[in-house]
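# Chains, contacts and geometry: an overview
Now for the letters of each chain:
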Amino acid sequence: MHVTDIEVIPISHRLPEGEGLGDARGFGHDRATTLIRVDTDTGDVGWGEAFAPGSVIAPVVDEFFRDDVVGMDPFDVRRLAEASYTDPYHFGGSVFVQSALSGIDVALWDLVGKATGKPVHRLLGGTPRETLTAYASTMYFTEADRDIAEPIRDAVDEGFSAAKIKIGNGTDSDVERVRTARQLLGDDARLMVDINGNYRPRQAIRTAKAIEEFDITWMEEPVPPENLSGYREVKRGVDVPLAAGEAHYGRFEFKRLVDDRTVDVVQPNLGRCGGLSEASRIADLASTENVAVRPHIWNSAVGLAAAVQFAASVSDYPHTRHVPDPMMVEFDRSENPLRDEILRTPFDPTGGEVDVPQAPGLGVEIDEDAVERYRADR
Ligand SMILES: [Mg+2]
């Protein structure tokens, strides 16, 4: 089996004016990402996702990957992550090189799974899980004036027992949002908060102390992702676990997050961190410092499928018997047809769980007509 072609497919969806969704940094209207399709001589097709703009990923693939990947045996997949740091020398640490690599790597693992008849999580050799706890990513800041309680009520109605909400607009607002979410979710639900790097350490500490009583499972990106000394300052000052990783890529950056337990939870995105090969290395790194791994997912259904396969493969080291700390996958509850429409059988988080696909590869079937509907380069 060898690769005959790589196609870079940008897809996007625009939210209506006035309906933008946001985090503490502002509102956005565009959901956009890039699918990678890899064809082979056997007729099998592999799919991956680079969580970055297609207009950037296309030339990166052409310049740094196409010659190497076309003709390659997908079973050689792990060598690509190594090659990304040595050839292109000096460029491997770029987010766009790692994002392009992520899409290609996931597509190659999809092909290895199809060639062997095994789902990717089995190939990665971790703990086999048939279902995963899904947490609702919700209570965004909204451009339109909306009741902040409504999205949490919706999540509870759907059966979620874990949710992550946006905060980061000042401590009073943070407390109001967290209190509302906790009241509606109940005492037993897991509640995470996401500041999207909008605070300086002192402000993050003030908020963390104010919301600590609401039993926060983690506080995500309290300070900008680049500010690792800021993470350590926050950590020294609070008793709320910290999480980061959606803006990080490659094992070298994740090592800095893991070292000295700068954070308690790392969140690799399978469309950015370097793919499944690199994510499994990151999970191994995290285990050496007892840091949890919970993938970040704001992707299309392809990136979601990769994250679900990855999450199902990550071991529980060290075991958390009698202190439940389940692997969780993020399930964004905002409008996104790139997540809901491009698979023949979309993931269904009803009841607060998703099934881990057991079919070969990523275990999902792409609806190529739907992909064409959202294609952004025509
Ligand atoms: Mg986040």
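As recorded by an unreviewed UniProt entry, the protein chain carries the name Mandelate racemase and is attributed to Haloferax prahovense.

## Describing helix H8 (residues 228-237)
The set of residues buried in H8 consists of Leu228, Gly230, Tyr231 and Val234. With its buried residues spanning 150° around the axis, H8 presents them on a single face. Summarising the contacts, the buried residues of H8 are in contact with helix H7 (201-211), strand E10 (216-220), strand E11 (242-244) and helix H9 (250-258).

## Quick notes on the domain arrangement of the protein chain
Segmenting the protein chain into domains produces domain 1 (3-117) and domain 2 (122-355). Using C-alpha coordinates to define each centre, domain 1 is positioned 23 Å away from domain 2. Between domain 1 and domain 2, the contact holds 42 residues from the first and 48 residues from the second. Summed over both partners, the interface of domain 1 with domain 2 comes to about 3,600 Å²; 57% of that surface belongs to carbon and sulfur atoms. It is Ala24, Arg31 and Phe51 in domain 1 that bury the most area against domain 2; as a group they hold 21% of the surface buried on that side. On the surface where domain 1 and domain 2 come into contact, there are four salt bridges. The partner of Asp332 in a salt bridge is Arg31, with the nearest N and O atoms 3.0 Å apart. Summed over the shared surface of domain 1 and domain 2, the result is 26 residue pairs in polar contact (both at pLDDT 80 or more).

## Notes on the side chain of Thr33
The residue Thr33 is located in strand E4 (residues 30-40) in this model. For Thr33, a relative accessible area of 4% translates into the label buried. Side chain to side chain, Thr33 and Glu49 meet in a polar contact 2.6 Å long.

Calculation notes
Residues numbered from 1 in each chain as written. Predicted model: local features only at pLDDT ≥ 70, side-chain atom pairs only at ≥ 80, totals over all residues. Heavy atoms only, no water. Buried < 20%, exposed > 50% of the residue type's maximum accessible area, 1.4 Å probe, protein only. Helix = DSSP H or I, 4+ residues; strand = E, 2+ residues; numbered from the N terminus. Arc of directions from axis to C-beta. Contact = heavy atoms within 4.5 Å. Domains from an automatic or database assignment. Buried area = accessible area lost by both parts, 1.4 Å probe. Salt bridge = Lys/Arg side-chain N within 4 Å of Asp/Glu carboxyl O. Polar contact = N/O pair within 3.5 Å; in protein donor to acceptor, adjacent residues only side chain to side chain.

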